[in-house]
Amino acid sequence: MNQTAVQRLYLMQVGVMPEYRIPIVCALVQTQDGRNILIDTGLPEVIPEEASEFENGQDAVEQLALIGLSPADIDVVASTHYDIDHAGRHAAFTEAQYVVQRAHHLDAASNPRYAAIRPQWDQPAERLQLVDGDTELLPGLTLIETSGHVPGHQSVLVRLPRTGTVLLTIDAVPFASGFTRDPQDGAGTPDAEAIRASTIKLLDLAEREQAALVIFGHDEAQWNGLKLLPEYYD
């Protein structure tokens, strides 16, 4: 197995879309030298009226407290993208460096899709690390550029010492049914070609890495069977 600095992976369900039974999730990676990397932050504390289909649960700050962590303990927020259910609590982590794809951050600056929570993701330049394409943050933790759902979306590959390789597809492949090489119905999807390319990229990566676990971004059936914080994968 490749050398890894990663020690644990915690998964959190922090909210839901009740009508569609879709879980809203984020994750925490802990390293052997005590660093904490949060992957997304969930919904905003106060959900805007235009996003009333979402419902908060126990948020990331509350769940981190269950394992003895405060927002100040988070070293890095790896932001997969700035949709309201993924970047809604970014500003709570005032000591963290934010890592996001450059293409996504630049698109967000003028895209009304992300305007409702701009104070969350529009952090000072000195706290932003803009990356271009696949990027190894540290041994055992790699960000995978997977545009399609939005420009500059990123998925996350985690190499754990006991579990092995875990692939978090996030919204590149939100449901297990979409993780296939078979053609999908792209009708009404503006970036169907990019979504298809990113899906194939992740399928190839999972095969190449012999992934022990592929976790989809909003798949209720799968999330109901996963270990959730305070349990963890190691």
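Here goes a summary of the coordinates provided. All values reported here derive from a predicted model rather than from experimental measurement.

This brings us to the overall build of the chain. A tally of helices and strands in the chain yields 5 helices and 12 strands. In summary, the chain has a C-alpha radius of gyration of 16 Å against a globular reference of 17 Å for 234 residues, a match within 12%. Here the chain holds 234 residues, and the buried ones make up 51% of them. Within the chain, contacts between residues at least 6 apart in sequence are counted, and of these 63% link residues at least 24 apart. Carbon and sulfur atoms make up 48% of the accessible area of the chain, which amounts to about 10500 Å² in all. For the chain, the separation between the mean place of its 15 positive charges and that of its 34 negative charges on side chains is 7 Å.

Before going further, it helps to examine the packing of aromatic side chains. Under the criterion given, the structure shown has 4 aromatic pairs. Aromatic side chains tyrosine 82 and tyrosine 114 sit 6.5 Å apart centroid to centroid with 85 degrees between the ring planes, which places their arrangement in the edge-to-face category. Separated by 32 residues along the polypeptide, tyrosine 82 in the loop between β5 (76-78) and β6 (97-101) and tyrosine 114 in the loop between α2 (102-108) and α3 (118-121) bring together distant segments of the chain. Among the residues examined, tyrosine 114 registers a relative accessible area of 1% and is labelled buried. Ring centres of phenylalanine 179 and phenylalanine 216 lie 5.4 Å apart, and the angle between their planes is 65 degrees; on these two criteria the pair is classed as edge-to-face. Linking phenylalanine 179 in the loop between β11 (164-170) and α4 (192-208) with phenylalanine 216 in strand β12 (residues 213-216), this pair joins segments that are 37 residues apart in sequence. Using a relative accessible area of 7% as the deciding quantity, one classes phenylalanine 216 as buried. Taken together, the aromatic side chains of Tyr82, Tyr114 and Trp121 make up a single cluster linked through ring pairs. Sitting over the face of the ring of tyrosine 232, arginine 8 holds its NZ or CZ atom 4.2 Å from the ring centroid. Seen from the ring of tyrosine 233, lysine 227 lies directly overhead, with NZ or CZ sitting 5.1 Å from the centre.

With that out of the way, let us pick up unusual backbone geometry. At the junction of leucine 229 and proline 230, the peptide bond is cis and its omega measures out at 15 degrees in the coordinates. If you trace the backbone, proline 230 turns up in the segment after α5 (220-223). Positive phi values are uncommon outside glycine, yet arginine 21 reaches one of about 55 degrees. Judged by its relative accessible area of 54%, arginine 21 is exposed. For isoleucine 170, which is not a glycine, the phi torsion comes out positive at approximately 55 degrees.

What follows concerns the sheet that holds strand β8 (residues 135-138). With mixed pairing, the 5 strands of this open sheet are ordered in space as β8-β9-β10-β11-β12. Pairing within the sheet leaves two strands with one partner each, and these edge strands are β8 and β12. Taking each pair of neighbouring strands and ignoring which way they run, the sheet shows an average axis angle of 20 degrees.

Next up on the list: the side chain of serine 79. Looking at the element boundaries, serine 79 is found in the loop between β5 and β6. Judged by its relative accessible area of 1%, serine 79 is buried.

Attention now goes to the side chain of glutamine 101. For glutamine 101, the position within the fold is in strand β6. A residue is classified by how much of its surface remains accessible, and glutamine 101, at 3% relative accessible area, is buried. Side-chain polar atoms of glutamine 101 contact the backbone nitrogen of glycine 133, separated by 2.8 Å. With residues near it in sequence (within four places) discarded, glutamine 101 still touches Val131, Asp132, Gly133, Glu145, Gly152, His153 and Gln154.

Conventions adopted
- Numbering of residues begins from 1 in every chain and follows the order in which that chain's sequence is written.
- In keeping with the model being predicted, local features are shown solely for residues with a pLDDT of at least 70 and side-chain atom pairs are shown and tallied solely at 80 or more, while totals for entire chains, interfaces and linings include all residues.
- Water and hydrogen atoms play no part in the side-chain values, which are based on all heavy atoms of the structure.
- Here a strand is any run of E in DSSP of at least two residues, a helix any run of H or I of at least four, and the numbering for each starts at the N terminus.
- We compute the radius of gyration over the C-alpha atoms and compare it with the globule rule, which gives 2.2 Å times the number of residues raised to the power 0.38.
- Each residue gets one of three labels from its accessible area relative to the maximum for its type: buried under 20%, exposed over 50%, partly exposed in between, using a 1.4 Å probe on protein chains only.
- The criterion used for residue contact is that any of the two residues' heavy atoms lie within 4.5 Å.
- To be clear on the numbers: accessible area is Shrake-Rupley with a 1.4 Å probe, and residue cover counts the displayed protein chains and nothing else.
- In this tally Asp and Glu are treated as negative and Lys and Arg as positive; neither His nor the chain ends contributes.
- Here the site of a charge means NZ on Lys, CZ on Arg, CG on Asp, or CD on Glu.
- Working definition: a ring pair exists when centres of Phe, Tyr or Trp rings (six-membered ring for Trp) sit within 6.5 Å. Plane angles under 30 degrees give stacked, over 60 give edge-to-face, the rest tilted.
- Either the NZ atom of lysine or the CZ atom of arginine qualifies as a charge over a ring when it sits within 6 Å of the ring centre and within 35 degrees of the ring normal.
- Two strands qualify as a pair provided DSSP detects at least 2 bridges between them.
- The convention used is that axes are lines fitted to C-alpha atoms, helices contributing only their stretch in contact, and that angles between N-to-C directions extend from 0 to 180 degrees.
- We define a polar contact as two N or O atoms separated by no more than 3.5 Å, with the added condition that, inside protein, one atom must be a possible hydrogen donor and the other a possible acceptor, whereas residues neighbouring each other in sequence contribute only through side-chain atom pairs.

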